[in-house]
Amino acid sequence: NAGVTQTPKFQVLKTGQSMTLQCAQDMNHNSMYWYRQDPGMGLRLIYYSASEGTTDKGEVPNGYNVSRLNKREFSLRLESAAPSQTSVYFCASSQTGDSPLHFGNGTRLTVT
Amino acid sequence: AQSVTQPDIHITVSEGASLELRCNYSYGATPYLFWYVQSPGQGLQLLLKYFSGDTLVQGIKGFEAEFKRSQSSFNLRKPSVHWSDAAEYFCAVGANDYKLSFGAGTTVTVRA
């Protein structure tokens, strides 16, 4: 089973460029999430989607937008990338709001 | 707001020795508690979870954790460490609100 699939695996952007990180899950989960991981800070929630058709801000939403395209797919967009957005981005899914998260393998983004 | 503290940034342990990773949390009610493990270049994998009931929880790969309400702790243990246990370990706390909070992580190095 694929589980949670993220694309791309690596990306380098220049300051001001835009890009979209893609995420898809095949576990029929209701909820999907975007986290960023920075050294010494653990994972911080950017946005989440409790169910298809809804999205909500997490702890660090500034500079990001999301789209829950359908039940399977949840994308993260950086409209104007900044060096502070250099990070590893993880998509995750869960059945409910208190269920364990299933993670993708991450996207390593560098903004120069 | 909920928060998680993992006091140890890095632990080195000999193969075959026991391992204990500390986790302290701050939360108004009894939270849901999780331990995740991350191997290099991978996403996070669930080791175990505590929702209620028996305060000693068994997980995968021979790990266990004990919930101590009086100490606001949820420490992870393994009686005998294998070289494959070298990884980064994250404690997380949440409620039924989709906003899981992660600690900063503890990196475990296993020496032969």
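For the structure given in this document, a descriptive report is provided here. Per chain, residue numbering runs from 1 following the sequence as it is written. Chains carry letters and ligands carry numbers; both start at the beginning, A for chains and 1 for ligands, and go up in the order they are written. Selection of residues for local features in this predicted model requires a pLDDT of at least 70, selection of side-chain atom pairs for listing and counting requires 80 or more, and totals for whole chains, interfaces and linings are taken over all residues. Calculation of side-chain values draws on the structure's entire complement of heavy atoms; hydrogens and water are dropped beforehand.

**Quick look at the sheet that holds strand β1 (residues 4–7) of chain A**
Strand pairing in a sheet relies on backbone hydrogen bonds, with the paired strands running either antiparallel or parallel. Residue and element names in this part refer to chain A. The condition that has to hold: Two strands qualify as a pair provided DSSP detects at least 2 bridges between them. Where helices and strands are cited, they refer to DSSP runs of H or I of at least four residues and of E of at least two residues respectively, numbered from the N terminus. Only the stretch in contact is used when fitting a helix axis, every axis being a line fitted to C-alpha atoms; angles between N-to-C directions are given from 0 to 180 degrees.
Strand order in the open sheet made by the 4 strands is β1-β3-β8-β7, with antiparallel pairing throughout. Two strands lie at the open edges of the sheet, namely β1 and β7 (64–68), each paired on one side alone. Strand-to-strand, the axes of this sheet are offset by a mean angle of 15 degrees, without reference to chain direction.

**Here's the deal with the nonpolar core**
Heads up, the condition is: Nonpolar cores were defined as sets of buried Ala, Val, Leu, Ile, Met, Phe, Trp, Tyr and Cys residues, with membership established by side-chain atoms within 4.5 Å. Burial classification: accessible surface area is computed with a 1.4 Å probe over protein chains only, and a residue below 20% of its type maximum counts as buried, one above 50% as exposed, and the rest as partly exposed. By the convention used here, residues are in contact when the closest approach between their heavy atoms is within 4.5 Å.
Among the nonpolar cores identified, the biggest contains 26 residues, and Trp35(B), Leu48(B), Leu76(B) and Tyr89(B) are the most heavily contacted of them. Breaking this core down by element, the ones donating at least two residues are β2 (10–14), β3 (19–21), β5 (32–38), β6 (44–50), β8 (64–68), β9 (73–78), β10 (87–94) and β12 (106–111) of chain B. Considering each element in turn, this core owes the most residues, 4 residues, to β10(B). If we skip the residues at most four places from it in the chain, Leu76(B) touches Leu19(B), Glu20(B), Leu21(B), Trp35(B), Leu47(B), Leu48(B), Phe63(B), Glu64(B), Ala65(B) and Tyr89(B). Within the second largest apolar cluster, 20 residues are counted, among which are Val4(A), Met19(A), Ala81(A) and Cys91(A).

**A short note on the pattern of salt bridges**
How we decide: In the sections that follow, a salt bridge refers to a side-chain nitrogen of Lys or Arg positioned within 4 Å of a carboxyl oxygen of Asp or Glu.
Considering all chains together, one arrives at 7 salt bridges over all chains under this definition. Across the pair Arg22(B) and Asp8(B) runs a salt bridge whose closest N-O atoms are separated by 2.9 Å. One end of the pair, Arg22(B), is in the loop between β3 and β4 (24–26); the other, Asp8(B), is in the loop between β1 (3–5) and β2, and 14 residues separate them in sequence. The class for Arg22(B) is partly exposed, based on a relative accessible area of 38%. A cluster of three or more residues bridged by salt bridges with shared partners is formed by Arg36(A), Asp38(A) and Arg44(A).

**Some details on the pairing of β9(B)**
Residue and element names in this part refer to chain B. Judged by how many residues are buried, β9 sits mostly within the fold: 5 of 6 residues are covered. Across 3 bridges, the pairing between β3 and β9 is antiparallel. Opposite Leu21, over in β9, you have Leu76 as the bridge partner. One ladder, built from 5 bridges, connects β8 with β9; its direction is antiparallel. Pairing of Glu64 across the sheet is with Arg77, part of β9.

**Remarks on the interface of chain A and chain B**
Basically, it comes down to this: Two parts placed together each lose some accessible area under a 1.4 Å probe, and the buried area is that loss summed for both. Think of a polar contact as two N or O atoms within 3.5 Å of one another; within protein, one of them needs to be a possible hydrogen donor and the other a possible acceptor, and neighboring residues in sequence only count if both atoms come from side chains.
At the interface, 21 residues of chain A touch 22 residues of chain B. Around 1,700 Å² of area is buried between chain A and chain B when both sides are counted, 60% of it from carbon and sulfur atoms. Summed over the shared surface of chain A and chain B, the result is 0 salt bridges. Here chain A and chain B share 5 residue pairs in polar contact (both at pLDDT 80 or more) between them.

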